[in-house]
Amino acid sequence: MSNPPPSVTNPYNPTNALDDIPGLHWALHEFLQSRMHESERFCEQSDPDKQRLYFATGFGLIQCVKGLMSFEDKDLLTAINHTKHGITVASAHRKRPGSLAGRLAGYIVPSLSTSGIEWIAGMTPVERHAELVYAESLYQKSLLGIVYSGDWLAFIREVLNMRTTISIYRQLAQDLPTSTPQSNSTPSHPYLPSPSIDPHFRSGVYLGLGMSHLVLSMMPGKLLALVELFGYKGDRKFGLELLERAGGWGTNGKVVERDTEGVRRAICDMSLLIFHLVLSAFTFEGVDVRKAARILEWNLKRYPNGVFFLFGAGRLALVRSQPSKALAYYARAAQAQTQYRNLHHISWWESAVACLGLWRVAESRSWWGKLGGEATWSKATYTYGEAACLATLGEHAEAKRLMERVQGLRQKIAGKSIPVEKFVARKARKYLAQSDKLLLPALELAYVFHAIAHAPREVIAREMIPAVGGALGELGLLLSSGSEGLTSPGSGGSEGGAKASGVKKGKDKKLESRSGYWDDVCLARFLEGVCWRFVAYPDPDAELEPDEKIPFSPEDARIYSERAFRAVFEHGPNIELDHYIVYYAHFEYGRLLARSGDKDGARTQFDLVMSGKPLEVNAAGRKSKYSLENALHMRTNAALEALDQNRLL
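Worth saying up front: this structure is predicted, and the values here are computed from it rather than measured. (Residues numbered from 1 in each chain as written. Predicted model: local features only at pLDDT ≥ 70, side-chain atom pairs only at ≥ 80, totals over all residues. Heavy atoms only, no water.)

S.K.: Mind showing me how you'd approach the overall build of the protein chain here?
M.R.: What the protein chain contains, in helices and strands, is 29 helices and two strands. Within the span of the protein chain, comprising 649 residues, buried residues form 55% of the whole. A separation of at least 24 residues holds for 70% of the contacts in the protein chain among residues at least 6 apart in sequence. Surface summary for the protein chain: the accessible area is close to 27,800 Å², and the carbon and sulfur share equals 55%. (Helix = DSSP H or I, 4+ residues; strand = E, 2+ residues; numbered from the N terminus. Buried < 20%, exposed > 50% of the residue type's maximum accessible area, 1.4 Å probe, protein only. Contact = heavy atoms within 4.5 Å. Areas by Shrake-Rupley, 256 points an atom, 1.4 Å probe, with all protein chains shown as cover.)

S.K.: Sorry, what's going on with unusual backbone geometry here?
M.R.: Across the chain, the bulk of peptide bonds are trans and the bulk of non-glycine residues have phi less than zero. A cis amide bond, omega -5°, links N10 with the succeeding residue P11. With respect to the helices, strands and loops of the structure, P11 is situated in the segment before α1 (21-32). Phi is positive for S34, which is not a glycine, with a value near 70°. Of note, S34 is situated in the loop between α1 and α2 (36-46). For S34, a relative accessible area of 5% puts it in the buried group. The backbone of S435 shows a phi angle near 55°, a positive value even though the residue is not glycine.

S.K.: Just checking my understanding: could you explain the environment of K599 for this structure?
M.R.: The topology assignment puts K599 in helix α28 (residues 599-610). Along the chain, K599 and N646 lie 47 residues apart, while their C-alpha atoms are 9.3 Å from each other. Apart from the residues within four sequence positions on either side, K599 is in contact with L643 and N646. One polar contact links the side chain of K599 to the main-chain carbonyl oxygen of L643, over a distance of 3.1 Å. (Polar contact = N/O pair within 3.5 Å; in protein donor to acceptor, adjacent residues only side chain to side chain.)

S.K.: Help me understand the packing of helix α21 (residues 441-448) against helix α25 (residues 517-536), please; the structure alone is not making it clear to me.
M.R.: Packed helices, taken two at a time, are described by the angle between their axes plus the distance between the axes. Interhelical geometry of α21 versus α25 gives an angle of 50° and a closest axis separation of 11 Å. In terms of their interaxial angle, α21 and α25 are classed as oblique. Note on packing geometry: the crossing formed by α21 with α25 is left-handed. Note on element contacts: α25 touches α21 through L523, F526, L527 and V530, opposite L443, E444 and Y447. (Axes fitted to C-alpha atoms, helices over the stretch in contact; angles between N-to-C directions. Parallel < 35°, antiparallel > 145°, perpendicular 65-115°, else oblique. Left-handed = near helix turned anticlockwise from the far one by under 90°.)

S.K.: How should the pattern of salt bridges be read in this particular structure?
M.R.: When their charged atoms lie close together, side chains carrying opposite charge are able to pair. In this structure the tally under the stated criterion is 32 salt bridges. Salt-bridge contacts for R525 lead to E528; the nearest nitrogen and oxygen are separated by 2.9 Å. Residue R525 and its partner E528 are both found in helix α25; the two are separated by three residues, about one turn of the helix. A residue is classified by how much of its surface remains accessible, and R525, at 11% relative accessible area, is buried. On the basis of relative accessibility, which here comes to 0%, the residue E528 falls in the buried class. Here E562 ties to R566 by a salt bridge, and the two come within 3.3 Å at their closest N and O atoms. Of this pair, E562 and R566 are both found in helix α26 (residues 554-571), four residues apart, which corresponds to roughly one turn of the helix. Taking the relative accessible area as the measure of exposure, E562 reaches 19% and is therefore buried. Residue R566 is classed as partly exposed on the basis of its relative accessible area of 46%. Several salt bridges converge on common partners, so that one network encompasses K427, K430, E444, D519 and D578. (Salt bridge = Lys/Arg side-chain N within 4 Å of Asp/Glu carboxyl O.)

S.K.: Just to check I follow, could you spell out the nonpolar core for this structure?
M.R.: Note that soluble globular proteins tend to have their nonpolar side chains buried in a common cluster. Ranked by size, the top nonpolar core spans 109 residues in total, and within it I452 and F526 carry the most contacts. Residues contacting F526, with those up to four places away along its chain left out, are Y447, F565, V568, I581, Y584, A585 and E588. Membership of the second largest hydrophobic core comes to 76 residues, among which are M69, L176, V263 and A333. (Core = buried A, V, L, I, M, F, W, Y, C linked by side-chain atoms within 4.5 Å.)

S.K.: Would you mind showing me how to read the environment of L240 here?
M.R.: Take L240: it is sitting in helix α11 (residues 236-247). Excluding residues that lie within four positions of it along the chain, L240 makes contacts with L214, L272, F275 and G286.

S.K.: Whenever I open this one, the packing of helix α12 (residues 265-277) against helix α13 (residues 289-302) confuses me. Can you help?
M.R.: One can describe the packing of α12 onto α13 by two numbers: an axis separation of 9 Å at closest approach and a directional angle of 140°. Between α12 and α13 the crossing geometry is left-handed. The segment α12 lies against α13, with R265, D269, L272, L273, H276 and L277 engaging V289, A292, I295, L296, W298 and N299. The residue makeup of the contact of α12 with α13, split by class, is eight nonpolar, two polar and two charged. (Nonpolar A, V, L, I, M, F, W, Y, C, P; charged D, E, K, R; others polar.)

S.K.: Would you mind showing me how to read the confidence of the model for the protein chain here?
M.R.: Regions with low pLDDT carry predicted coordinates that are not meant to be interpreted in detail. Model confidence for the protein chain is summarised by a mean pLDDT of 86, while 84% of its residues fall at 70 or above. Below pLDDT 50 for its whole length, residues 178-193 participates in 28 contacts with residues either more than four positions away or in separate chains. Contacts from residues 487-505, a stretch scored under 50 in pLDDT, to residues over four places away or in other chains number 51 contacts. (pLDDT = per-residue confidence, 0-100.)

S.K.: Explain the environment of G601 here, please?
M.R.: Structurally, G601 is set in helix α28. Separated by 10 residues in the primary sequence, G601 and R591 place their C-alpha atoms 9.6 Å from one another.

S.K.: Mind showing me how you'd approach α1 here?
M.R.: An α-helical segment advances 3.6 residues per turn. Residues three or four places apart therefore align on the same side. Compared with the 16 Å implied by 1.5 Å per residue over 12 residues, the 16 Å span of α1 between its first and last C-alpha is a close match. Taking burial as the measure, the 12 residues of α1 include 10 buried ones, the bulk of the element. Within α1, the full set of buried residues consists of I21, G23, L24, H25, W26, A27, L28, E30, F31 and L32. One or two steps after α1, the chain reaches S34, where phi turns positive at roughly 70°. (Expected span 1.5 Å × (residues − 1).)

S.K.: Mind showing me how you'd approach the packing of aromatic side chains here?
M.R.: Centre-to-centre distance and the angle between the planes together describe a pair of aromatic rings. What the rule picks out here adds up to 22 aromatic pairs. Judged by centre distance (6.0 Å) and plane angle (70°), the ring pair of W349 and Y382 falls under edge-to-face. Within this pair, whereas W349 is found in helix α16 (residues 342-357), its partner Y382 is found in helix α18 (residues 379-392), the two being separated by 33 residues in sequence. Residue classification places Y382 among the buried positions, given a relative accessible area of 1%. Put simply, the rings of F423, Y447, F526, F565, F569, Y580, Y584 and Y589 touch in pairs and so form one group of aromatic residues. A cation sits over an aromatic face here: R94 above Y134, 3.8 Å from the ring centre. (Phe/Tyr/Trp six-rings, centres within 6.5 Å; stacked < 30°, edge-to-face > 60°. Lys NZ or Arg CZ within 6 Å of the ring centre and 35° of its normal.)

S.K.: How should I be thinking about a positive patch on the surface in this particular structure?
M.R.: A cluster of like positive charges, contributed by K412, K416, K422 and K625, occupies part of the molecular surface. Structurally, K412 is set in strand β1 (residues 412-413). (Patch = residues over 30% accessible without salt bridge, like charges linked within 9 Å, V, L, I, M, F, W, Y side chains within 5 Å. Lys, Arg positive; Asp, Glu negative; His and termini not counted. Charge placed at Lys NZ, Arg CZ, Asp CG, Glu CD.)

S.K.: Would you explain α11 in this entry?
M.R.: Between its first and last C-alpha, α11 extends 18 Å over 12 residues, near the 16 Å set by a 1.5 Å rise per residue. Across the 12 residues of α11, nine count as buried, placing the element largely inside the fold. By the burial criterion, the buried members of α11 are R236, G239, L240, L242, L243, E244, R245, A246 and G247. Tucked inside the fold, the buried residues of α11 contact α9 (199-217), α12 and α13. Two or three places before K237, at the start of α11, stands the capping residue D235, its side-chain oxygen 3.3 Å from that residue's backbone nitrogen. The first or second residue beyond α11 is G248, which carries a positive phi of 75°.

This is the structure in structure tokens:
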């Protein structure tokens, strides 16, 4: 049973706007405890006219979350309207700029400026909070506008709004008496706010400025170069430090207790979890899974039924290569609340991927099917996911029906195609063009969504590699190891696809002349190389089962992985459609070399990926970007940084 909500003073007086913060803090606590409707209802009842600074913008934040969860136009438009109203309310509470003459004088006399530290220092506490809330609402509107707009002109306009937001956060940060934890601190806690700045304002600046630095630090090189022209540069280490200060997660700090925390502390914690557990798939610098585990443990004690932190616990288990444990958390998250149905879709997506990591293809197919029936984020991906699993299971009639729908379900954001949707559309077209045939579609999808990387080694060795062996056998080839000791009860039948016979059929000219043959060979060898690589060198954050039985030594697995990748490079020039395989093979081979101690060799492979040179040209030549190119460049840049920092890949 939750504590009763604090009383709300009526009538509303803007000069006492900060008196509403305890009420909003209570509403946020309810929301994070999976009592969303109670939180929403309290905000509406406390501010029916939507005129209070914190309740009006807090209600707008809830609508923003709902819109981004559903991805439906009506919900996004509702959220945009609420955030626009929040901007209006915040503007009414902001410090009024001076006259035109006064603003012009500010360029000469700093104390008269309407921006900078003098301007901020002259604000009342309410005006400072209004400035902060204005920046937050502007950011939410920009994010929603980018998702909703569908054209580049609107995208550019919203990006300029984000520029304004970052500028405001920078100005507000200058007014914090302690820009570093060493100065003006107390013996009990280095990040406690000074008496002159309340913790709620401080946590807001930590959140806004920290996220700004984090987002800027993750931008692709070309876009970052453009942003830096405007004077903005992301410092990831500083951004993470700011987000950690809100909860006291720094190396030398004590955890900030509930009675002294700022209202935005939980959002800072959730931002850190997203970085360490989700974005860590694309970057290495600053990632700290152990710190994420500390943050999760504390918040799960506070919010044992909190759906967002249960998601985090599931993700932590997956990062640790414990997909069975992850599935249990996702099931709890789905049971934690029934009020926001769209939150179930996150559990279903994660469960679909976790099942691929366990090579439970039929179960994964069920989750993709449920997503396709209800969720609206990416119906093309859900539909292809179900079709890929059905094709792996040999149910081609139903798979064909779904593959035919994939292309028509694609969406665009800011006028641009979604990369993963472009990828699955290409694979669906290929399936139909090849008379309802596609090689290892579920295992390929497992790689794309990082399920192989987080699969238990026993599953890879006893289930996935035999599935690859079966596919190679149909191509007249053997596994790089030969086929000894690879068959298992689960390697064929309904879950794993064709049996892994590994029979060498000899050179079959007719087979090799088939259209798409070398694409299939390269895909099979690539997936084989990836599987052997994770048998040899599990993910650095994996927690291995003490009783696992792997019938191969790490050195043997490394040799088999290298053979498989070299086969991709040998036959890459014969690829007709799936050009991405060669580039990803160079990336994964680089990671293999890095883990085996050959840093120079690894760097050579990564440099090849980043060179922009075609690595697989045949007579036809590659005429456009290969699939998932931007994602690979992001991961390769991160891998190069990790090499310099001696981090495991």
